[in-house]
Amino acid sequence: MKQIYNKKIKLPNTLTSIKFGAFNESKLQHITLPPKLTQIPNSCFAECYLLNSITLYNELTNIASDAFDFCQKLKKMTIIGTKNISSVLPTTLLSQLSELNIDSSLVSEYETFKSTNHYKFVVKANA
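Attention here is on the structure that accompanies the text. Just so it is clear, the model here is predicted, and its values are computed rather than measured. (Residues numbered from 1 in each chain as written. Predicted model: local features only at pLDDT ≥ 70, side-chain atom pairs only at ≥ 80, totals over all residues. Heavy atoms only, no water.)

## Points about the nonpolar core
Here is the rule we go by: Residues belong to a common nonpolar core when they are buried Ala, Val, Leu, Ile, Met, Phe, Trp, Tyr or Cys residues joined through side-chain atoms within 4.5 Å. The cut-offs for exposure are 20% and 50% of the maximum accessible area for each residue type, with area from a 1.4 Å probe on protein chains only; residues under the lower value are buried, those over the upper are exposed, and the others partly exposed. Secondary structure is summarised from DSSP: a helix means a run of H or I of at least four residues, a strand means a run of E of at least two, and numbering begins at the N terminus for each. Whether two residues are in contact is decided by their heavy atoms, any of which lying within 4.5 Å being enough.
Within the largest apolar cluster, 31 residues are counted, with the highest numbers of intra-cluster contacts made by Phe-23, Ile-31, Leu-33, Ile-40, Phe-45 and Phe-68. Counting residues per element, the ones that place at least two in this core are strand 4 (53-57), strand 6 (76-80), helix 1 (91-96) and strand 7 (99-103). The contacts of Phe-68, once residues within four sequence positions are left out, are Ile-40, Phe-45, Leu-51, Ile-54, Ile-63, Leu-74 and Leu-93.

## Regarding the environment of Lys-36
Checked against the element boundaries, Lys-36 lands in the loop between strand 2 (30-32) and strand 3 (39-40). The spatial distance from the C-alpha of Lys-36 to the C-alpha of Pro-12 is 9.7 Å, given a sequence separation of 24 residues. Each residue touching Lys-36, except ones within four places of it in the same chain, is listed here: Asn-13, Leu-15 and Thr-16.

## Examining the pairing of strand 7
Quick note on the threshold: Pairing between two strands requires that DSSP report at least two bridges joining them.
By the criterion of burial, strand 7 is predominantly enclosed, with 5 of the 5 residues buried. Taking every second residue as pointing to the same face, both faces of strand 7 are buried, with Glu-99, Asn-101 and Asp-103 on one and Leu-100 and Ile-102 on the other. Two strands pair when backbone bridges link them, and strand 6 and strand 7 are joined in this way by 4 bridges, in the parallel orientation. Its bridge partner being in strand 7, Lys-76 is matched across the sheet by Glu-99.

Next up, the structure:
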């Protein structure tokens, strides 16, 4: 098991990639991904049983469908930015959320999620 015990991690803004399984099985509870990150690879956060919230920027073009496997406590997501990201988020990840915080510029993109999913939908002027 990896020895990452920090409850909250904010990665450097200059980081552009994360490797396969980078945080797999870590004990982190919250992570803020950097704005220039474009992909979250396979098993990156798999089995992070304590992970309960994540902040990401919508420069992401790909989130592997198993990137967050077995992260049952992951219930809160904050998305910052203005590009189309709804097609990138795995349905399984969205279905487990209880709160989705988004930038007001993404409201039209998420209107369907607001009306069809069970999570709290929070719109912020600058998420």
